[in-house]
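Chain by chain, the residues run as shown.
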Amino acid sequence: MPDAGDVPIVVMIPGGPLPPGNRTYLWPLARWVAARGAVVFTADYRSSPAYGGGFPTTFGDVACAIRFARERGAALGGDASRVTLVAHSYGAFPGAVVALSAHDFATDEPSCLAHVGVGRPDGFVGVAGLYTFDAIGSGFLANFFGGDRSAATSRWLASDATFLPGLAGHPTPAIALLTGTEDSVSPRSR
């Protein structure tokens, strides 16, 4: 077993869009990862406008979960400089944006400012993830961003994981994208 402070911290977020309280399906995986030497957190987030989310709130919730885990995980023996975000299905959309954007969305969430550290993960694992706008749907996204691409252009651009300008002075996180060969919801081509 690694020494205290040497183990990675893992934050897991569910797919969706689901109402808060649906992260429990991640608990078997979280326990499995923790048993192998990590401090693991599962986090809810407001995944859509129907649940109080949308731009930038959804991203702020995910970033706040990372900031919370970075702070609290260190007290549990985790290494605050080794935080990996594991995001399933739709959760990979806000997860990838938070991981790849130069903006620390945790600063957009006032309730998160009490937690110290950066809201961007040091590593990102997408599991059967949806990353492109065409995989999510323009109707949902217009509601999420408060307008279609022409009405809310800057919000769409700031959240397009395939077009993010990079981390401008920040290290690029380690990235792993996992999907099954027979996955019809998030096929490898998306």
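Note: the structure precedes this text.
Residues numbered from 1 in each chain as written. Predicted model: local features only at pLDDT ≥ 70, side-chain atom pairs only at ≥ 80, totals over all residues. Heavy atoms only, no water.

Q: Can you tell me about the overall build of the protein, naming the residues and giving the values?
A: In terms of regular secondary structure, the protein is built from six helices and five strands. Starting at the N terminus and ending at the C terminus, the protein contains elements arranged as β-α-β-α-β-α-β-α-α-α-β. Residues counted as buried form 48% of the 190 residues belonging to the protein. Considering only contacts in the protein between residues 6 or more positions apart, those separated by 24 or more positions represent 75%. Carbon and sulfur atoms make up 58% of the accessible area of the protein, which amounts to about 8,800 Å² in all. (Helix = DSSP H or I, 4+ residues; strand = E, 2+ residues; numbered from the N terminus. Buried < 20%, exposed > 50% of the residue type's maximum accessible area, 1.4 Å probe, protein only. Contact = heavy atoms within 4.5 Å. Areas by Shrake-Rupley, 256 points an atom, 1.4 Å probe, with all protein chains shown as cover.)

Q: Go over the sheet that holds strand 4 (residues 123-127) with me, naming the residues and quoting the values.
A: Strands sit in the order 2-1-3-4-5 across an open sheet of five strands; the sheet is parallel. Either end of the sheet is taken by a strand with one partner, and the two such strands are strand 2 (39-42) and strand 5 (174-178). Ignoring strand direction, the axes of neighbouring strands in this sheet form an average angle of 15 degrees. Taken together, the six bridges between strand 1 (residues 7-13) and strand 3 (residues 78-88) define a ladder with parallel strand orientation. The partner of Ile 9 across the bridge, within strand 3, is Val 83. Relative to strand 3, helix 2 (residues 57-75) is tilted by about 145 degrees, and along the sheet it contacts strand 1, strand 2 and strand 3. Relative to the sheet, helix 3 (residues 92-100) contacts strand 1, strand 3, strand 4 and strand 5, its axis offset from that of strand 4 by approximately 160 degrees. (Pairing = 2+ DSSP bridges. Axes fitted to C-alpha atoms, helices over the stretch in contact; angles between N-to-C directions.)

Q: Provide a residue-level description of the environment of Leu 177, including the pertinent values.
A: As for its position among the elements, Leu 177 is in strand 5. Distance from Leu 177 to Val 125, taken between C-alpha atoms, is 5.7 Å for residues 52 residues apart in sequence. The contacts of Leu 177, once residues within four sequence positions are left out, are Phe 124, Gly 126 and Tyr 131.

Q: How would you explain the pairing of strand 3 if you had to name every residue and give the values?
A: For strand 3 and strand 4, the ladder comprises five bridges, and the chain directions are parallel. By the bridge assignment, His 88 is partnered in strand 4 with Val 127. Each parallel crossover has a hand, and for strand 3 linked through helix 3 to strand 4 it is right-handed. (Right-handed = clockwise from strand over helix to strand, strands pointing away.)

Q: If you had to explain helix 3 to someone new, which residues and values would you point to?
A: Most of helix 3 is tucked away: eight of the nine residues are buried. Residues Ala 92, Phe 93, Pro 94, Gly 95, Ala 96, Val 97, Val 98 and Ala 99 constitute the buried set of helix 3.

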